[in-house]
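The chain contents come next:
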Amino acid sequence: GDSVTQMEGPVTLSEEAFLTINCTYTATGYPSLFWYVQYPGEGLQLLLKATKADDKGSNKGFEATYRKETTSFHLEKGSVQVSDSAVYFCALFSSGSARQLTFGSGTQLTVLP
Amino acid sequence: KAGVTQTPRYLIKTRGQQVTLSCSPISGHRSVSWYQQTPGQGLQFLFEYFSETQRNKGNFPGRFSGRQFSNSRSEMNVSTLELGDSALYLCASSLEGPPDTIYFGEGSWLTVV
């Protein structure tokens, strides 16, 4: 079945540092890939998505490129802010997903001033 | 455009009781999904509804049930509550279901004591 493996957390960075959160996947066919973010006490917000190989999703300074050859969708940001502190989830949907998103375990990011 | 709305946001129930959670999807969205989030199990798919029909169900016991109304609003019910049912229950909506982008509500925090 489908699966998503995320970089273990927690991750602690200083403000303006470079962020990478690794995400790799196993899926049937050609999945759509997503990054969601969850701020403390809130639900999930869609951060970015990519639906085909080599697509780059971007939003709020975050980027991720759909790499089919390495089955990866790593999240990056060039300069993090304190307000980026949250839990980040990588997720996929594929034809084998039976109409559900498959999530990674989440990565807690803390940005210190 | 209003987002996905879930009620109640917080509730405390006693073991053995039942609970009903409500979800109003984004206007125009016909697919509603439910997910359970716990620290130990992460995000797990409960079920998905489209046009009042359950299209898919996750691996949860029969105590967990749901339904969707003609206006796309959805409810989920958990009967005979157990301590392990304490979780954040997230509702999500999309236009027609995956692979359309899925948008989440802020969730209903259930505590079973």
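Here the structure is a predicted model, which means the values were calculated and not measured. (Residues numbered from 1 in each chain as written. Chains lettered and ligands numbered in written order. Predicted model: local features only at pLDDT ≥ 70, side-chain atom pairs only at ≥ 80, totals over all residues. Heavy atoms only, no water.)

Some words on the packing of aromatic side chains
This model, assessed by the stated rule, comprises 12 aromatic pairs over all chains. Taking the centre distance of 6.2 Å and the plane angle of 85° together, the rings of Tyr25(A) and Tyr66(A) count as edge-to-face. Placement of the pair is Tyr25(A) in strand β4 (residues 23-26) and Tyr66(A) in the loop between β8 (62-65) and β9 (75-77), with a sequence separation of 41 residues. Centroid distance Phe47(B) to Tyr49(B): 5.7 Å. Interplanar angle 65°. Geometry classified as edge-to-face. Residue Phe47(B) is classed as buried on the basis of its relative accessible area of 0%. Taken together, the ring pairs connect Phe34(A), Tyr36(A), Phe89(A), Phe103(A), Tyr35(B), Phe45(B) and Phe104(B) into an aromatic cluster. (Phe/Tyr/Trp six-rings, centres within 6.5 Å; stacked < 30°, edge-to-face > 60°. Helix = DSSP H or I, 4+ residues; strand = E, 2+ residues; numbered from the N terminus. Buried < 20%, exposed > 50% of the residue type's maximum accessible area, 1.4 Å probe, protein only.)

A short note on the sheet that holds strand β1 (residues 5-7) of chain B
Sheet strands line up and pair through hydrogen bonds in the backbone, either parallel or antiparallel. Residue and element names in this part refer to chain B. With antiparallel pairing, four strands are arranged side by side in an open sheet as β1-β3-β8-β7. Of all strands in the sheet, those bounded by a partner on one side alone are β1 and β7 (64-68). Each neighbouring strand pair of the sheet contributes to a mean axis angle of 20°, computed without reference to strand direction. The sheet contact formed by β1 and strand β3 (residues 19-24) spans three bridges and is antiparallel. Of the residues in β3, the one forming a bridge with threonine 5 is serine 24. (Pairing = 2+ DSSP bridges. Axes fitted to C-alpha atoms, helices over the stretch in contact; angles between N-to-C directions.)

A word on the interface of chain A and chain B
Counting residues at the interface gives 18 residues for chain A, matched by 20 residues for chain B. Interface of chain A and chain B: buried area, both sides summed, is about 1,600 Å²; carbon and sulfur atoms make up 58% of it. There are zero salt bridges connecting chain A and chain B. Taken together, the links from chain A to chain B amount to six residue pairs in polar contact (both at pLDDT 80 or more). A per-element tally of the side of chain A that touches chain B places strand β5 (residues 32-38) of chain A first, with four residues. (Contact = heavy atoms within 4.5 Å. Buried area = accessible area lost by both parts, 1.4 Å probe. Salt bridge = Lys/Arg side-chain N within 4 Å of Asp/Glu carboxyl O. Polar contact = N/O pair within 3.5 Å; in protein donor to acceptor, adjacent residues only side chain to side chain.)

What to know about the pairing of β3(B)
Note: β3(B) against strand β8 (residues 74-78) of chain B, five bridges, orientation antiparallel. Within β8(B), the residue paired with Cys23(B) across the bridge is Ser74(B).

Focus: the environment of Val19(B)
Residue and element names in this part refer to chain B. Inspection of the secondary structure assignment puts valine 19 in strand β3. Separated by 94 residues in the primary sequence, valine 19 and valine 113 place their C-alpha atoms 13 Å from one another. With sequence-adjacent residues up to four places away left out, valine 19 is seen in contact with Leu11, Lys13, Met76, Asn77, Val78, Leu81 and Leu110.

Examining the pattern of salt bridges
All names here are of chain B. According to the stated counting rule, one finds 10 salt bridges over all chains in the structure shown. Glutamate 106 is paired through a salt bridge with arginine 9; the nearest N and O atoms lie 2.9 Å apart. Of this pair, glutamate 106 sits in the loop between β10 (103-104) and β11 (108-112) while arginine 9 is found in the loop between β1 and β2 (10-13), placing the two residues 97 residues apart along the sequence. Residue class for arginine 9 comes out partly exposed when judged on its relative accessible area of 24%. Its salt-bridge partner being arginine 67, residue glutamate 75 comes within 3.3 Å of it at the nearest N-O pair.

A word on the state of the cysteines
Summed over all chains, the structure comprises two disulfides over all chains. With a sulfur-sulfur separation of 2.0 Å, Cys23(A) is cross-linked through a disulfide to Cys90(A). One quick way to see it: the torsion about the S-S bond of Cys23(A) and Cys90(A) is about -70°, and its sign makes the bridge left-handed. Taken as a pair, Cys23(A) in strand β4 and Cys90(A) in strand β10 (residues 86-93) lie far apart in primary sequence, 67 residues in all. Through a disulfide, Cys23(B) is tied to Cys91(B); the S-S separation comes to 1.8 Å. Because the sign of the S-S torsion sets the handedness, a value of about -65° for the bond joining Cys23(B) and Cys91(B) places this disulfide among the left-handed ones. Remark: Cys91(B) occurs in strand β9 (residues 87-94) and Cys23(B) occurs in strand β3; sequence separation between them is 68 residues. For Cys23(B), a relative accessible area of 0% puts it in the buried group. You can call Cys91(B) buried: its relative accessible area is 0%. (Disulfide = S-S within 2.5 Å.)

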